[in-house]
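Chains, contacts and geometry: an overview
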Amino acid sequence: MAVFDTPQEAFGILRPVCVQLTKTQTVENVEHLQAQLQAVSDTALQELQQYILFPLRFTLKTPGPKRERLVQSVVECLTFVLSSTCVKEQELLQELFSELSTCLYSPNSQKPAAVSEELKLAVIQGLNTLMHSAYGDIILAFYKPSILPRLGFAVSLLLGLAEQEKSKQIKIAALKCLQVLLFQCDCQDHPRSLDELEQQHLGDLFASFLPGISTALTRVITGDFKQGHSIVVCSLKIFHKTVGFVMADEQLRRLSKAQAEPVVEHRIAELMVHREGDWVKNTSDKLVILIKKIIECVSVHPHWKVRLELVDLVEALLLKCSQSLVDSAGPLLKALVGLINDESSEVQAQCNNVLRQFADQKVVVGNRAFTDILSESLHSLTTSLPRLMNSQDDQGKFSTLSLLLGYLKLLGPKINFVLNSVAHLQRLSKALIQVLELDVADVKIVEERSWNSDDLSASPKTPTTWQGNQVQRRYFRFFTDERVFLLLRQVCRLLGYYGNLYLLVDHFMELYHESVVYRKQATMILNELVTGAAGLEVEDLQEKHTKTSPEELREIVTSLLELYTSQENWYLVTCIETEEGEELMMKQSDLQAITSRVHTCQIISFPAFSKPSPTICSMNSNIWQIYIQLEGINQFAYALGKDFHLLLMSALYPVLEKAGDQTLLISQVATCTMVDICVACNYDSLQDLINENSDYLVNGISLNLRHLSLHPHTAKVLEVMLRNSDATLLPLVADVVQDVLATLDQFYDKRTASFVSILHALLVALAQWFPETSYIGQPQDQSLKEEGSYLHQTLKNNTTAEDIEQFVLDYLKEKDVADGNVLDFDSDEEKLSVPPTLEENDTLPDVEPPLPVHIQIAKDVMERCIHLLSDKNLKIRLKEKLQHFSYHILICRRFAKQAPHQQGLKIHSTDSTQQRGGEVAGARFFGNASETFCPKENAFLSIPIRKEK
């Protein structure tokens, strides 16, 4: 289609269409006109603007009812003309503004007319385009007192559409048009920057609309979340820009000077607002209510962009209206502080930027400094914190703790003003103690036992960074959201970082001693305080703050270690299967148990002379107590780093005790603690850690074995050392093994199970530390299977008639001994015994060389353990039969292969039980033949052992 560039050409093509539309107002004529307008250039349209607008305006002004489709077509055509031209006359701008607004006028109702959504959207877009088409200063001339009625009608019309319409498109369009009317358009160069006089003039004009705008927008903002986040974001933006413009401190300060009021009509004067002191005070009081409602709703809005806009709202109002909105400063700061730990990184970053800006500019609200308001808010929060933690749900707790964390970050070292108040410190601590109470009713914690594996593998290389204990998730009584626990940890760490560490540690240690109910929670808090004091995993907004010195931190950790590892706090009942020595130790300390009501789990303390049977809940509570204390040692190592070397003497031995505990959770967390100690102290592995500190560990074991009734867990330390070390440990533990054997003789009826476990670990370790040289190229499991299979084949294939005959003779001898015929047996033996004759080439053997240390130890262990085969405890008998003797045979057979000249090494088996793959489980070396005890016949079989050449 040809384009008409000159007004003459355009007039020739448009005149017939405009005349036809003036005569007959139909949709077809309007559409025909709009189609012709497409062929006219913008320059020509500007020249013919009023001529083209006349038939369109005439159609809208024609009295009587009109079809909605016709009105919509006229408005759309008018919008097209305005989008291509500029309105250069103020009168035309006002008339078009009124004509478009009346399209949605309802004379019988204050609400917008009940017309189609398409017509509403067309009118809104027409108003938006009209305000953008205003040329130069025409737009400012439009905003004068005489326009108040028409402008007020348009504002109320747009607010009604934004609040009541269901169409999201209409809501957003109405809000954006309202932004244009209030000079808040985001378009470039529209409106232009205003000077002080123009700002004051517009502020007086918009002050008349402020109550209606703020109230309606608050209803939109606090409406249903389902309306969409973009509507809420746009409403928030209009709210804070309008309030910030009308209530700006700079404008109100200038208005305080005497100024002549403009002369207007009486009807218009009633609509005018004079921003005097009383009006500012009354408006501020009403805005506080609206702001609180907005903050309460928006701070928990699910969409991050809405919360981000709330940060902008707080920033704008506190920077522009810090004097006029004094009463709103507290809620605004509270909202900002609550969002500082928002789950959205964008919101967090914006919060931190705003807070740093406030700190740099030293914002003063009213006559009070920024930090004074924060301190007062923190005082108020700590006062109500116990009640809030008891009454709120998980989301409420999360919001409250986020607020507390934000106050701590902002105040920094100034939180000591709150902590120095005894009342506030008690309220804060009781709230933390209350919310951190654990749910100890889980039976699985007590049920899960740790069974040490026979197959020891080399200790894995420790990680290069601290891992932390991630063994078991904790379940709390008063919340289930994991985010709440993470916030509580951050709160405690910030308290340790900024607060008086000595004051806090002393206070929570008092709570630790005060009641068993508080003990687990106090331990968790103390652990986090130390981690925070070291500056680990703490976000520091106060860049000039100095951390606690390493010497002070080490002193505090030393006192906490003494508290955790003391006898009454470290050796708690965790299972019913306690041995007599452990029971004796428990009698000497205050045994703590829990009533059988599992759902309440109220902890009580029994006197020393009573013997309460521990309940599932009490043992579960004790397990968690030890778990948290071990986790504390882990965190102490993390906090001190290399300085933890100085505390290894007091920390490593107790941790090794718990690494050998029967409760799975305790043994796992103790092992994790050992790994993290390796990281902190720069050890390569657990094996390296134990070997480097084995001298003092072995010394402690040796001393404690002499007072076994006071130290019943000594056996577990040696067992863990054996399972996590190598052959370099053998010279140090050789003497300790003799002490263990001597102690076993002394307490064989009381401590048998513990010592059998040690001796079994010793034999397993020896089997690993001294592998058979001929089997070096084979995997260990394959070697064990082949050797066990060899012994089985020896028993099966080499049993001859002579063996059976010898078995019968041995049986008769044993029967004579059992009947008391010892003298006859000795005399017969003397007759049968013939001294061996030496052949000519035979020479007297030299003195046999001493056995290697590990062989001698294995020999001593098995000689001491023979009598345990008839122990009344089935578990001990099975351990002896199935485990000890199989490893003894393995060790000695390897040595016999490597040193065939050793003739003093003999096997005399005392019992036989087959394992997987045909392994023989019981044997002892006495000579060149293997004699295996048969349980059914109660006799011995003499079986020759194959010698390798």
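Residues numbered from 1 in each chain as written. Predicted model: local features only at pLDDT ≥ 70, side-chain atom pairs only at ≥ 80, totals over all residues. Heavy atoms only, no water.

Points about the overall build of the protein
- A tally of regular secondary structure across the protein gives 43 helices and six strands.
- The buried share among the 949 residues of the protein stands at 52%.
- The contacts in the protein between residues at least 6 apart in sequence include a share of 76% that link residues at least 24 apart.
- Working note: accessible area of the protein is about 45,100 Å², and carbon and sulfur atoms make up 52% of it. (Helix = DSSP H or I, 4+ residues; strand = E, 2+ residues; numbered from the N terminus. Buried < 20%, exposed > 50% of the residue type's maximum accessible area, 1.4 Å probe, protein only. Contact = heavy atoms within 4.5 Å. Areas by Shrake-Rupley, 256 points an atom, 1.4 Å probe, with all protein chains shown as cover.)

Quick look at the side chain of Q94
- By secondary structure assignment, the location of Q94 is in helix α6 (residues 90–101).
- Overall, the relative accessible area of 11% leaves Q94 in the buried class.
- Each residue touching Q94, except ones within four places of it in the same chain, is listed here: F142, K144, I147 and R150.

A word on the environment of L236
- Relative to the elements of secondary structure, L236 occurs in helix α13 (residues 229–246).
- Judged by its relative accessible area of 0%, L236 is buried.
- The spatial distance from the C-alpha of L236 to the C-alpha of V220 is 9.3 Å, given a sequence separation of 16 residues.
- The contact partners of L236, leaving out residues within four places of it in the chain, are I221, I294, V298, V306, E309, L310 and L313.

Considering the nonpolar core
- Within the largest apolar cluster, 268 residues are counted, with the highest numbers of intra-cluster contacts made by Y143, L151, L495, F644 and V861.
- No other element matches the 13 residues that helix α31 (residues 616–640) contributes to this core.
- Setting aside residues no more than four positions away along its own chain, V861 makes contact with V737, L741, L759, L762 and L763. (Core = buried A, V, L, I, M, F, W, Y, C linked by side-chain atoms within 4.5 Å.)

So, the packing of helix α10 (residues 168–181) against α13
- Between α10 and α13, the shortest axis-to-axis distance is 10 Å and the interhelical angle comes to 15 degrees. Taken as axis vectors, α10 and α13 run roughly parallel relative to one another. The handedness of the crossing between α10 and α13 comes out as left-handed. Two secondary-structure elements touch here, α10 through K168, K171, I172, L175, K176, L178 and Q179 and α13 through S230, I231, C234, S235, K237 and I238. (Axes fitted to C-alpha atoms, helices over the stretch in contact; angles between N-to-C directions. Parallel < 35°, antiparallel > 145°, perpendicular 65-115°, else oblique. Left-handed = near helix turned anticlockwise from the far one by under 90°.)

As for the pattern of salt bridges
- Following the criterion strictly, the structure yields 21 salt bridges and no others.
- For E31, the salt bridge is made with R69, and the minimal N-O distance between the two is 3.5 Å. Taken together, the residues span a long stretch of sequence, with E31 in helix α2 (residues 27–37) and R69 in helix α5 (residues 68–84) at a distance of 38 residues.
- The class of R69 is partly exposed, set by a relative accessible area of 36%.
- Residue R554 is joined to D643 by a salt bridge in which the shortest nitrogen-to-oxygen separation is 3.9 Å. With a gap of 89 residues between them, R554 in helix α28 (residues 550–564) and D643 in the loop between α31 and α32 (648–659) connect regions that are remote in the sequence.
- Assessed through its relative accessible area of 27%, D643 is described here as partly exposed. (Salt bridge = Lys/Arg side-chain N within 4 Å of Asp/Glu carboxyl O.)

Some details on unusual backbone geometry
- With a phi angle near 55 degrees, E537 is a residue other than glycine that sits in the positive phi range.
- Residue position: E537 is located in the loop between α27 (516–533) and α28.
- Here N682, not a glycine, exhibits a phi torsion of approximately 65 degrees, which is positive.
- Along the polypeptide, N682 turns up in the loop between α33 (664–681) and α34 (686–692).

A short note on the packing of aromatic side chains
- Counting across every chain of the model gives 13 aromatic pairs.
- On the basis of an interplanar angle of 75 degrees and a centroid distance of 4.9 Å, the ring pair of Y143 and F183 is categorised as edge-to-face. Taken together, the residues Y143 in the loop between α8 (138–142) and α9 (148–164) and F183 in the loop between α10 and α11 (196–207) connect sequence positions 40 residues apart. Both residues of the pair, Y143 and F183, belong to the buried class. (Phe/Tyr/Trp six-rings, centres within 6.5 Å; stacked < 30°, edge-to-face > 60°.)

Things to note about helix α35 (residues 694–705)
- The terminal C-alpha atoms of α35, which comprises 12 residues, lie 16 Å apart, in line with the 16 Å expected from a rise of 1.5 Å per residue.
- Burial analysis of α35 places nine of its 12 residues in the buried class, which makes it a mostly covered element. (Expected span 1.5 Å × (residues − 1).)

Things to note about helix α1 (residues 7–23)
- End to end, α1 covers 23 Å across 17 residues, agreeing with the expected 24 Å (1.5 Å per residue, within 8%).
- The largest bend in α1 amounts to roughly 40 degrees and is located at L14, with the proline P16 lying one to four residues further along.
- Residues A10, L14, V17, C18 and L21 constitute the buried set of α1.
- On its buried side, α1 packs onto α2, α3 (42–47) and α4 (49–61). (Bend = angle between axes of the 7 residues up to and from the residue.)

So, the packing of α9 against helix α12 (residues 210–221)
- It is at 10 Å that the axes of α9 and α12 come closest, and there the two elements cross at 10 degrees. If you check the angle between α9 and α12, you find them roughly parallel. When α9 is examined against α12, the residues V155, L159, A162 and E163 are found in contact with a partner set consisting of G212, I213, A216, L217, R219 and V220.
- Looking at the contact of α9 with α12 residue by residue, the class counts come to seven nonpolar, one polar and two charged. (Nonpolar A, V, L, I, M, F, W, Y, C, P; charged D, E, K, R; others polar.)

So, a nonpolar patch on the surface
- On the surface, a cluster of nonpolar side chains totalling about 420 Å² of accessible area is made up of I804, V808, L809, Y811 and L812.
- Structurally, Y811 can be placed in helix α40 (residues 801–819). (Patch = residues over 30% accessible without salt bridge, like charges linked within 9 Å, V, L, I, M, F, W, Y side chains within 5 Å.)

Brief notes about the environment of S116
- Of note, S116 is situated in the loop between α6 and α7 (117–133).
- Considered as a pair, S116 and E68 are 48 residues apart in the sequence and their alpha carbons are 7.6 Å apart.

Some points on the confidence of the model for the protein
- Across the protein, the average pLDDT comes to 78, with 74% of residues at or above 70.
- For the protein, strand β6 (residues 939–944) is the element with the lowest average pLDDT, namely 35, and helix α26 (residues 501–514) is the one with the highest, namely 95.
- Predicted confidence for residues 578–611 stays below pLDDT 50, and this span has 67 contacts to residues more than four positions away or in other chains.
- Note on residues 774–788: pLDDT is under 50 here. Beyond four places in sequence and across chains, it has 18 contacts. (pLDDT = per-residue confidence, 0-100.)

Quick look at the environment of L503
- Following the sequence through the fold, L503 ends up in helix α26.
- Those residues in contact with L503 that lie beyond four places of it in its chain are L419, N420 and L425.

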